[in-house]
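So the chains spell out like this:
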Amino acid sequence: MESREAGVERLYPKIWGRMSARYYYLIQLRKQLERVIELFVKNSPHQLLADYGCGNKPYEPLFGPFVEQYIGLDLAINSKADVVVDPKGIIDMPDESVGFVLSTQVLEHVEDPTSYLKEACRILQKDGKLILSTHGYWMFHPDPTDFWRWTSTGLQKIVKEAGFEIVYFEGILARSSMGLQLFQDGLLFKFPKVLRPLWSMLLQPFIIFFDKIAGNKSRREDACTFILVAKKCSM
């Protein structure tokens, strides 16, 4: 997953550019992560964060200033990984060794989500927290694989069964705005590359408008992407 967009581009996309089709979505994802940092990371005694499936660590600029150490976990093929995850999903780290596990748009790509979550739980310290985002509705995007999508209740169920208590749960892009996002993407690749930013610029204002009028409750139930914070349960 080393091919993920560079941090600055992903965090601060431009309406006209390579990330224009994800302009509003990426901004909302960044804002949700900033809110999580403010609520759970900024003043926490836990100061070691592991980015689980780190790719090229696009979110290190957000979290790095608020932790003592930010380490990337990924498969051996990723040269940017600080710690290797073996092909069976085992992390080369001892039990209860980190305060936070960050997982952004990774869970849908792993073959065994339950084992992935249990391994995250294993390396977390007592009362350590998992910060996770993954897709509800989204287009197929193998990197190199793409296996899963979740309902809000299905995602919460699998996280709780892995040994966590969910303390924060929000959605990004409600049903109508996500429908427009999928419509945009459904036609996007039929256009020549030079016209794709123009098509995105036409659709993004409508996506923004319909998302702004959606209620928070409906967004938590039915969204493009869910983001949660879960505390490791005491055994």
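Residues numbered from 1 in each chain as written. Predicted model: local features only at pLDDT ≥ 70, side-chain atom pairs only at ≥ 80, totals over all residues. Heavy atoms only, no water.

Moving on, we get to the overall build of the protein chain. Helix and strand counts for the protein chain come out as eight helices and seven strands. By principal-axis analysis of the C-alpha atoms, the protein chain measures approximately 50 × 40 × 30 Å. Classification of the 235 residues of the protein chain by burial places 54% in the buried group. One finds the centroid of the 29 positive side-chain charges in the protein chain at a distance of 6 Å from the centroid of its 28 negative side-chain charges. (Helix = DSSP H or I, 4+ residues; strand = E, 2+ residues; numbered from the N terminus. Buried < 20%, exposed > 50% of the residue type's maximum accessible area, 1.4 Å probe, protein only. Lys, Arg positive; Asp, Glu negative; His and termini not counted. Charge placed at Lys NZ, Arg CZ, Asp CG, Glu CD.)

Another aspect to go through is the nonpolar core. One finds Leu73, Leu117, Leu130, Leu155 and Val159 to be the most contacted residues of the largest nonpolar core, which totals 34 residues. Among the elements of the structure, strand 1 (48-52), strand 2 (69-74), strand 4 (98-104), helix 4 (113-123), strand 5 (124-135), helix 5 (152-161), strand 6 (164-174) and strand 7 (223-232) are those that each provide at least two residues to this core. Among the elements that take part in this core, helix 4 stands out by supplying five residues, more than any other. Not counting residues up to four positions away in its chain, the partners in contact with Leu117 are Leu107, Leu130, Leu132, Ile158, Val159, Ala162 and Phe164. Grouped together as the second largest cluster of nonpolar side chains are 29 residues, Leu29, Ile37, Tyr59 and Val67 included. (Core = buried A, V, L, I, M, F, W, Y, C linked by side-chain atoms within 4.5 Å. Contact = heavy atoms within 4.5 Å.)

The next subject is the sheet that holds strand 4. The pairing of strands in a sheet happens through backbone hydrogen bonds and is either parallel or antiparallel. Sheet architecture is open: seven strands sit in the order 3-2-1-4-5-7-6, paired in mixed fashion. Looking at the sheet topology across the chains shown, the edges are occupied by strand 3 (83-84) and strand 6. Of the pairings in the sheet, the one linking strand 4 to strand 5 comprises six bridges and is parallel in character. Across the sheet, the residue bridging to Leu102 is Ile131, located in strand 5. (Pairing = 2+ DSSP bridges.)

Considering only enclosed or pocket space, the second largest pocket measures out at about 560 Å³ in volume. Leu75, Pro87, His109, Val110 and Glu111 are, among the 23 residues lining the second largest pocket, the residues nearest its centre. Secondary structure elements with two or more residues in the lining of the second largest pocket: strand 2 and helix 4. Classifying every residue of the lining of the second largest pocket by side-chain character gives twelve nonpolar, five polar and six charged. (1 Å grid on protein atoms, 1.4 Å probe; cavity = no way out; pocket = protein on both sides within 12 Å on 5 of 7 lines; lining within 4 Å. Points joined across faces, edges and corners; volume = space filled by probe spheres on them. Nonpolar A, V, L, I, M, F, W, Y, C, P; charged D, E, K, R; others polar.)

Here we take up unusual backbone geometry. In this chain, Asp143 is followed by Pro144 through a cis amide linkage whose omega measures 0 degrees. Relative to the helices and strands, Pro144 is located in the loop between strand 5 and helix 5. A positive phi angle is found at Glu96, which is not glycine, with a value near 50 degrees. Along the polypeptide, Glu96 turns up in the loop between strand 3 and strand 4. Phi is positive for Asp127, close to 65 degrees, though the residue is something other than glycine. Positionally, Asp127 belongs in strand 5. Asp127 gets classed as partly exposed once you look at its relative accessible area, which sits at 31%.

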